[in-house]
Every structure is written in C-alpha cells, then in structure tokens.
Amino acid sequence: MRRFSGFALAREAMREHKGWGRQWESPEPRSQYDVVIVGAGGHGLATAYYLAAEHGITNVAVLDKGWLGGGNTGRNTTIIRSNYLYDESAAIYDHAVRLWEGLSQALNYNVMFSQRGVMMLAHNVHDVQVLKRHVHANRLNGVDNEWLDPAAARAFCPPLNISKAARYPVVGAALQRRGGVARHDAVAWGYARAASARGVHIIQNCEVTGIHRGPDGAVTGVETTRGAIRARKVGVVAAGHSSVVMAMAGLRMPLESFPLQALVSEPVKPCFPCVVMSNTVHAYISQSDKGELVIGAGTDQYTSYSQTGGLHIISHTLDAICEMFPMFTRMKMLRSWGGIVDVTPDRSPILAKTPVKGLYVNCGWGTGGFKATPGSGHVFAHTIARDDPHPINAPFTLERFRTGRLIDEAAAAAVAH
Ligand code: FAD
Ligand code: PYC
C-alpha cells in the first residue's frame, strides 16, 4: 500500500482524478450477476465495494444511466458531520465518520478528508436551545460537539461577523471538530477503482428501464438500454430518481424530489479555515482545496426533476453569506449547479429490504447523504449480502411510514426541507 503525505499526495490525487470518470472503460455487461446495483453514485459504488471487500460477493454490476459520480455525489458541498439529534441518526452518521477517518488508506486513494470542524451558528434563543440540545444528545451518544460563545466562534473562524448590530447576530455556536469536508469526486473514483480491482463491473451509459420479477414475485433482473441483465438481487441507489426506479417494480415510495443548488466563487488564497452552517440565516460555506468558496443554497419550494433551480434561491443565499462574512461582499461567483435530492416525510433515509424479494432500496438522504457515503454503503452491503439489515440501518425501514416509528430529523441540515 502506498503511503500518503501532504501536498505531494494532493497533487498525485488530482492528476489521477483528471477526467477519470469519462475515460473509464465500461465493460460489456454479462447476462447474469449475483447483484445489480442501480446507480453509480458514492452510495452505490461503496455498496459494491463492501459487497466485494467484506462479503466476498464480486459478481456485481453497478449500472448508471450517465457517468459514475455524475449525480449528487459530484454536485454536493461535501460537508461531513455526525451531530444529528436522534440515536438512530447519530449511530449511522458517526459510523460513516469513523469510516471516513480511515477511507484514504482503505481505498489506497486520497479522498482528501479534512477534519477542519463544522460550526453551526445560533442567532436567537430558539437556535441556542436547539443547538445545545444537540450538543447534549450528541455527547450522550459519544459524538463530539461543544458549545462556543460568540468570541470563541470568531476565534475559530476569524471572518465571522459577530457584531451585535448584525441583522441576525451570532449569539453562540455548536462546533463538531471531527466534522469537515472531503473531495467528492475522489470518493466516487476511489470506491470505483477499489471495487473494480475486486472484479465489480461498473457500466456507464446504461439506464435501467424496467425491473423483472418471476412468477413468485421475486426479482429476476433488470431491463436496461443495453439489454436485459439477470440478477438474483437488485439494490436501488438512484438518489433523486429512486421513486421512478422503484415504480418499475410496482412499489410506490414515500418520497418527493427537489432541486438543490450550490455555487463556488473565484479561487482565492486560503482564508476560511472551517465549515460554517446557519439554519436560520440559511447558508453554509467552506473553502475548497482549490481555493473556491463553496456555498450551498436551499432547495426549491416545488418538486421537480430539473438539475437547476431558481436564481432567487442562490441570490438569497449570497445575501446571507455577505451578512455573516462581510469581507466576501466583493467576491465574484464562478459557477452554480443543481442536483435532485429525494426527501422522505421524516427527513431520514430508507436503507432496507422491500416487500419484493431480492429488491433492496437505499434512498431518501435528501440534502445530507454525502457525509453518510461510507457508512451507508457498508450497512447496505450487509443488508443485501445477508438479506437482513445491519443493526445500524435496522431502524431505517420502509414500514416506519406505516407504523409511525419515525426518525424525525427535519431540522438536521441547514438547508430547506
Ligand atoms: P447520486 O450520486 O445522485 O447517484 C445516483 C445515481 O443513480 C446517479 O449517478 C444517477 O445517474 C443514477 N441513476 C438514476 N436513475 C437511474 C436509472 N434509471 N438507471 C441507472 N442509473 C440511474 N450531503 C452532505 O452530506 N453534505 C453536503 O454538504 C451536501 N450538499 C449537497 C449540495 C447539493 C447541491 C446537492 C444536490 C446535494 C448535497 N448533499 C449533501 C446530498 C448528497 O449529495 C446526496 O445525498 C448524496 O450524494 C447521494 O449519493 P448517492 O450515491 O445516493 O446519489
Ligand atoms: O447535511 O450538512 C449537510 C448539508 C450541508 C449542505 C447540504 N447538506
């Protein structure tokens, strides 16, 4: 295994990454696989990797209608944290953070995981109460989180405006020091390369257009734009389009799809040391290793499959950023883009077996699934391999929307729900 260190490593990783997704030679699909995964985003690729690496299941195909990592995995703002309120969420997201901590070594690929700290701002009494509740709940779950007064928040993030005269003054902050960011496309490529090295087929430009079922109702394979492929098991990991794919098996999902946007500034020298999120002012920001300020906006207010969103959404976000960080007022924005997120009624994901034998689904991560990628792939692979959920994803069932055992993380992310 190669050893990674500092800038040399970053340079090497960037060289390896350049254009890799598009150059990837997709193999010809076999007529039959043990497992077909629909969706070559981070979650689908991680699932395939762990199926091979931990369960010895290598006769696996990951199919994507586009190119690998071209969905939300390559479009997100890469914030990683595990400061969720409920026990079930803290367990799955912290499982992911622990895997992130060893991921570059496990994949022998630098995913540029940087634990620079995620700070969530409080602007009023309600925010203080909510965030302090998170701090206490997290600590009870062994998840790091600490409360900062405004001066300490500014010491941690010097560009932060803590003037009492601000429209939404900062009255405190919750800081998860183990939180941070990673390089999103490297995550997709790292998992893809490691899965491929174990024999997994990653087949791009291969849209799934149907799910075949046998006389007993069990899954027998998928129909694709490159022909029919038989499979004993099918895992659907098609964020934004999960309900469309699941409908092919006759299942109606409790999901809505929304556009979610992000944007980056022109690159500048390092000036922003951490990740800052504000639920109330409704913005989040970090600085990428390339120097761009990475800024996330909210979801549109209406459902859509369009990978763009309203201009007014990003312009409101920029107003909020300039309010909190006046030194950025004169920065130029370089580009913006959108992805489609699928959202459940309780804003928590579904990682589960389905009523259709041999069909499994991993969806509903909404605006916050990038951080979960390794943990999600790890427990979803377990669920598929053993036809039984891992204890960590056991609560994230489809049935909860019938039984009422919800995991209601509605306010978990700083983005509109
Ligand atoms: P994707 O990467 O979207 O992969 C799904 C794949 O399925 C796609 O490649 C698609 O082409 C494929 N597919 C769909 N239909 C079919 C079909 N019929 N046949 C074959 N293939 C199909 N999360 C965080 O934790 N932190 C953040 O800071 C954050 N910021 C975000 C910012 C934005 C702007 C967006 C859009 C999302 C953000 N998220 C964030 C959410 C996060 O990006 C997603 O939850 C996560 O990346 C989902 O990963 P995935 O692998 O499930 O989906
Ligand atoms: O879940 O932390 C998050 C997040 C930030 C931006 C979008 N999602």
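Above this note sits the structure.
Read on for a plain summary of the structure. (Residues numbered from 1 in each chain as written. Chains lettered and ligands numbered in written order. Predicted model: local features only at pLDDT ≥ 70, side-chain atom pairs only at ≥ 80, totals over all residues. Heavy atoms only, no water.)

On to the site of ligand 1, then. Surveying the vicinity of ligand 1 reveals 35 residues, the closest of which are Asp-64, Asn-72, Thr-73, Thr-77 and Lys-371. Residue Thr-73 places a side-chain N or O atom 2.5 Å away from an oxygen atom belonging to ligand 1. In isolation ligand 1 offers 1000 Å² of accessible surface; the protein chains occlude 96% of this area. Contributing elements (two or more residues each) for the shell around ligand 1: α3 (42-55) and β12 (256-267). Counting residues per element, the shell around ligand 1 draws most heavily on β12, which supplies three residues. Partitioning the shell around ligand 1 into residue classes produces 13 nonpolar, 17 polar and five charged. (Near = heavy atom within 4 Å. Polar contact = N/O pair within 3.5 Å; in protein donor to acceptor, adjacent residues only side chain to side chain. Areas by Shrake-Rupley, 256 points an atom, 1.4 Å probe, with all protein chains shown as cover. Helix = DSSP H or I, 4+ residues; strand = E, 2+ residues; numbered from the N terminus. Nonpolar A, V, L, I, M, F, W, Y, C, P; charged D, E, K, R; others polar.)

Here we come to the nonpolar core. Ranked by internal contacts, the top residues of the largest apolar core, which has 49 residues, are Leu-45, Trp-100 and Tyr-191. Looking at which element gives the most residues to this core, the answer is helix α8 (residues 184-197), with eight residues. Setting aside anything within four residues of it in sequence, one finds Leu-45 in contact with Gly-39, Ala-40, Val-62, Leu-68, Ala-188, Tyr-191, Ala-192 and Ile-202. Residues Val-219, Ala-238, Met-246 and Ile-350 belong to the second largest nonpolar core, which totals 29 residues. (Core = buried A, V, L, I, M, F, W, Y, C linked by side-chain atoms within 4.5 Å. Buried < 20%, exposed > 50% of the residue type's maximum accessible area, 1.4 Å probe, protein only. Contact = heavy atoms within 4.5 Å.)

All right, on to the pairing of strand β15 (residues 292-299) then. The buried fraction of β15 is high, at eight of eight residues. Note that β12 and β15 share five bridges and pair antiparallel. Counted as the bridge partner of Leu-260 is Thr-299 from β15. Bridge count between strand β14 (residues 283-287) and β15: four bridges; the pairing is antiparallel. Looking across to β15, one finds that Tyr-284 is bridged to Gly-296. Counting the residues in the hairpin turn of β14 and β15 gives four residues, including Gly-291, whose phi is positive at 100°. (Pairing = 2+ DSSP bridges.)

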